[in-house]
Every structure is written in C-alpha cells, then in structure tokens.
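Listed below are the residues making up each chain.
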Amino acid sequence: MKISKKLISAIVMLTLSFVMLVTSSFAWFAMNDNVSVTGMKVTAKGDQVYLQISETEFSDANNGVLMNTVAFSDSEVALLPVSPRATDHTGDYVGGALAKWVTAVGTSNSDGAALGDNYTKLEAAEDTYKDVYFIKKDLFIRLDPTAGAEKSNALRVESVTYATSQAGDFQKCLSVLVVSKIGETYYGELWENATGTMTHNALSDEALSEAEFLKSQVANVSIYVFFDGDNGECTLEDLAAAKEAIYTVAVNFTVKPTV
C-alpha cells in the first residue's frame, strides 16, 4: 500500500547556506630587531578561505562576489517512501557513486521497517522519481578564486537541521542525502533523523571532497530530501498521525576540519 507525505519542495526554504572560515587558523610572524626578547614585533595575518554556493554554474562575473546562501521556496509536494541502497540495490548506502533507490514501507507498528519482498527497485531514469519519491536540488560549490589560500580542508556537510509543524515519531523518517561530483569522482554523505536530530550516517562518506578542496575545483552537489521507508517509524499508523505535517530543512556546508 503506497503512502504519501506532505513536504515543502526544497522544503519551503531549503536554505543551503555555507559556513565561511572567518575564524581560520592565524599564522603568526615575529620580526626581531636583535636577539633580545625586547623589541619583538608580532603581526597577525589571516589566511582565510571562503566558500561560494550557486544554483547556476560559476563565471568570472562571480569572482569576489559574496554567494553564501541559496534559498528555495517551491510548492508543496507529497512524497512516497524510498530508501537509498548500494549500487546493486542491496546493502547499505556507503557513499561514493549515486545511490540506487528502492521503495520501502512498514505496514504496521509491530513489524516496523520493510522486509524482504516489500522492497521494489526503482530502475527508471532518476528524473522519473523526482518530486515523487524525493526532492532533488542541484548546486555548485567552490572556493572564491579571488580570496584565501589555494586550498582548504575537505568540503563537507557541517549540519542538517529541520523544523516541522507537527510533533510525532514519523519525523524520524526524514533523511537527506548529499552527493558531490568533482571531476569524475562521486562522494556522498547521508544524514538521518532516527533520534529526532539529524546526524551523519557513519557508513557514508565523511566529506564531499578529498582531504583537500582545491581552489581550482568546483563541486557539483545534488541534495535529496526524502522519507526513509526502511526506518522503523515509517509505517501506515505513523503516517496517519502525521500526514498533514510540513517540513523545512536547512543544509550547511563548511571546509572546517572535524573536531
């Protein structure tokens, strides 16, 4: 039995804001007049790196322009449950190549997540399922070519947050998959809401680039927002209690190192 969920497409304001490294590490330089400790002059120099985010491809006209937020405000979309898988439609999604999708839904609170033949592979072109099983937004992220160093720490998702108009366990099904393509290489971070707070799935990639994100690179980023039908809270009973809920989601990117 198919179920649908209310969701704002790109989620009312899917604000894809980036985090500027305005507090990046400072390099300290000592200028000594002699070998004595007196008369030492110290100057602080900030070697700061700035991210830019855009809905369209970058051009020279963007150089030096502050581009730190993309906000979407689209019409409401009702989504069917879906779940990301490895490239062969089986196994947990672990990042890298684009996910393969399967439908999944639990039929009662007693059986929880879908099992066995409850899965159906979605084999058609991805655009067939956009705004049916997931919301997808495509973006571009880079380092400002006119500022900062030639490279930064790896590009990553710093946080995913959400708000909903209705309480209940069904919101734990809300998930966000962020896939980055740099050159011909894919990276993917999966964020889940099993505890009621969006957290990074440890099986997925830890970042959206290699260890270093170079100024010469542009990350083509796709964001998928969906309800994970393989989550134990995604059942018909849970849906009945939350079918009028509307969600807003924000995704924040950074090049800061993890703590």
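Everything below is about the structure shown above.
My aim in this report is to walk through the structure given alongside it, one point at a time.

**Topic: the pairing of strand E13 (residues 174-182)**
At step 1: For E13, the buried fraction is high: eight of the nine residues fall into the buried class.
At step 2: Relative to strand E17 (residues 218-227), E13 runs antiparallel, the two being bridged by eight bridges. Note that in E17 the partner of Ser 175 across the bridge is Phe 226.
At step 3: The turn linking E13 back onto strand E14 (residues 185-192) is made up of two residues, and Gly 183 within it adopts a positive phi angle of 65 degrees.

**Description of the side chain of Arg 85**
At step 1: Within the element layout of this structure, Arg 85 appears in strand E7 (residues 83-85).
At step 2: Judged by relative accessible area, Arg 85 falls into the buried class, the value being 10%.
At step 3: Here the side chain of Arg 85 touches Asp 230 through a polar contact of 3.0 Å, side chain to side chain.
At step 4: Among all residues touching Arg 85, those that are not within four sequence positions of it are Thr 90, Gly 91, Tyr 93, Ala 99, Lys 100, Val 102, Tyr 119 and Asp 230.

**Describing the side chain of Ser 175**
At step 1: Residue placement: Ser 175 occurs in strand E13.
At step 2: Look at Ser 175 and you get buried, because its relative accessible area is 2%.
At step 3: Setting aside residues no more than four positions away along its own chain, Ser 175 makes contact with Trp 191, Glu 192, Met 198, Tyr 224, Val 225, Phe 226 and Asp 228.

**Some points on the sheet that holds E17**
At step 1: Taken together, the six strands give an open sheet; going across it, the order is E5-E10-E17-E13-E14-E15, and neighbouring strands pair in antiparallel fashion. Edge positions in the sheet fall to strand E5 (51-54) and strand E15 (199-200), since each has one partner strand and no second.

**What about unusual backbone geometry?**
At step 1: For His 89, which is not glycine, the phi dihedral falls at a positive 75 degrees.
At step 2: Position of His 89 among the secondary structure elements: in the loop between E7 and strand E8 (100-103).
At step 3: Phi at Asp 131 takes a positive value of approximately 65 degrees, unusual for a residue other than glycine.
At step 4: Among the secondary structure elements, Asp 131 is positioned in the loop between strand E9 (120-121) and strand E10 (135-143).

Conventions and cut-offs
- Residues numbered from 1 in each chain as written.
- Predicted model: local features only at pLDDT ≥ 70, side-chain atom pairs only at ≥ 80, totals over all residues.
- Heavy atoms only, no water.
- Buried < 20%, exposed > 50% of the residue type's maximum accessible area, 1.4 Å probe, protein only.
- Helix = DSSP H or I, 4+ residues; strand = E, 2+ residues; numbered from the N terminus.
- Pairing = 2+ DSSP bridges.
- Polar contact = N/O pair within 3.5 Å; in protein donor to acceptor, adjacent residues only side chain to side chain.
- Contact = heavy atoms within 4.5 Å.

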